[in-house]
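Commentary on secondary and tertiary structure
Each chain is listed here by its residues.
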Amino acid sequence: MEDLPTFYSTLIPLGFFFWGPALVVLTLLLSWLWARSLKVDRALESDLDGFTKDDVEKLFSLYGPERRAIYRNKLLPADLAFALVYAVVGALIVTGLSMRGYPWWVAGLCGGGWLIGGLCDVVENLAIARLLDRFPTLDDGTVAIASGFTRLKLVFTGLGFIGAIAAYYLAFKPIAG
């Protein structure tokens with residue numbers, strides 16, 4: 001048991017609990033700036049109230065073929081990479097806290113938001129890509145999946161920021177023995 005602190009501190013270093021969330025914030029900022037520079041509004045991906053088939057049709061029509069292609073071929077793959085970054089950071093928060101002696105449920109509350117939010121973001125991106133590929137024909141089921149996973153993503157990702165702050169506190173707080 002005396003080797004345990006050395007083991008977990010080298011596998012997931014204490015500094016990760018600062019740099020992991022900092023990486024998430026940085027990639028979020030960079031993806032937002034890049035979307036803005038390409039002049040493609042990501043209105044669907046930030047709609048907490050969800051969206052309908054009519055909303056998608058209006059937005060995609062407004063984009064026109066060129067901006068739809070940019071959205072599909074540049075922004076969605078970049079957003080997929082971002083989703084994977086924050087899902088992995090969430091998974092590492094869960095693992096790191098559990099290796100430091102916290103129960104799985106505590107670790108899950110801290111890192112689970114980003115882990116689940118990232119996975120929801122992946123499903124959302126795949127559904128939006130399918131909508132873009134098949135436009136102007138829009139499937140009600142695919143719109144519902146994209147809208148539902150967008151809402152879940154936004155809730156869990158928001159909780160992930162709170163969880164990352166809690167994880168930072170717990171990782172640096174000595175465990176009461």
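Residues numbered from 1 in each chain as written. Predicted model: local features only at pLDDT ≥ 70, side-chain atom pairs only at ≥ 80, totals over all residues. Heavy atoms only, no water.

Points about the side chain of Thr157
- One can find Thr157 in helix H5 (residues 140-172).
- Setting aside residues no more than four positions away along its own chain, Thr157 makes contact with Tyr86, Gly113, Trp114 and Gly117. (Helix = DSSP H or I, 4+ residues; strand = E, 2+ residues; numbered from the N terminus. Contact = heavy atoms within 4.5 Å.)

Some words on helix H2 (residues 16-37)
- With 22 residues, H2 should cover 32 Å at 1.5 Å per step; its first-to-last C-alpha distance of 30 Å lies within 8% of that length.
- Turning to H2, its buried residues number three or more, namely Phe16, Phe17, Gly20, Pro21, Val24, Thr27, Ser31 and Ala35. Viewed along the axis of H2, the buried residues span an arc of 125 degrees, placing them on a single side of the element. Within H2, the exposed residues directed more than 90 degrees away from the buried face are Trp19 and Arg36.
- The secondary structure elements touched by the buried residues of H2 are helix H3 (53-99), helix H4 (104-134) and H5.
- Of the residues flanking the end of H2, it is Lys39, one or two places downstream, whose phi is positive at about 60 degrees. (Expected span 1.5 Å × (residues − 1). Buried < 20%, exposed > 50% of the residue type's maximum accessible area, 1.4 Å probe, protein only. Arc of directions from axis to C-beta.)

What about unusual backbone geometry?
- Residue Pro136 follows Phe135 across a cis peptide bond; omega there is 20 degrees.
- Along the chain, Pro136 falls in the loop between H4 and H5.
- Unusually for a residue other than glycine, Lys39 sits at a positive phi of about 60 degrees.
- For Lys39, the position within the fold is in the loop between H2 and H3.

Overview of the packing of H4 against H5
- Where H4 meets H5, the axes come as close as 6 Å, and the angle between the chain directions of the two elements is 155 degrees. By the criterion of interaxial angle, the relationship of H4 to H5 is roughly antiparallel. Note that H4 runs across H5; the crossing there is left-handed.
- Of the residues belonging to the contact of H4 with H5, the class tally is 21 nonpolar, 7 polar and 4 charged. (Axes fitted to C-alpha atoms, helices over the stretch in contact; angles between N-to-C directions. Parallel < 35°, antiparallel > 145°, perpendicular 65-115°, else oblique. Left-handed = near helix turned anticlockwise from the far one by under 90°. Nonpolar A, V, L, I, M, F, W, Y, C, P; charged D, E, K, R; others polar.)

With respect to the environment of Gly117
- Here Gly117 lies in helix H4.
- What makes Gly117 buried here is its relative accessible area of 0%.
- Here Gly117 is in contact with Tyr86, Gly112, Lys153, Phe156 and Thr157, once residues within four sequence places are set aside.

A short note on H4
- Between its first and last C-alpha, H4 extends 42 Å over 31 residues, near the 45 Å set by a 1.5 Å rise per residue.
- The largest bend in H4 is about 55 degrees, located at Gly111. (Bend = angle between axes of the 7 residues up to and from the residue.)

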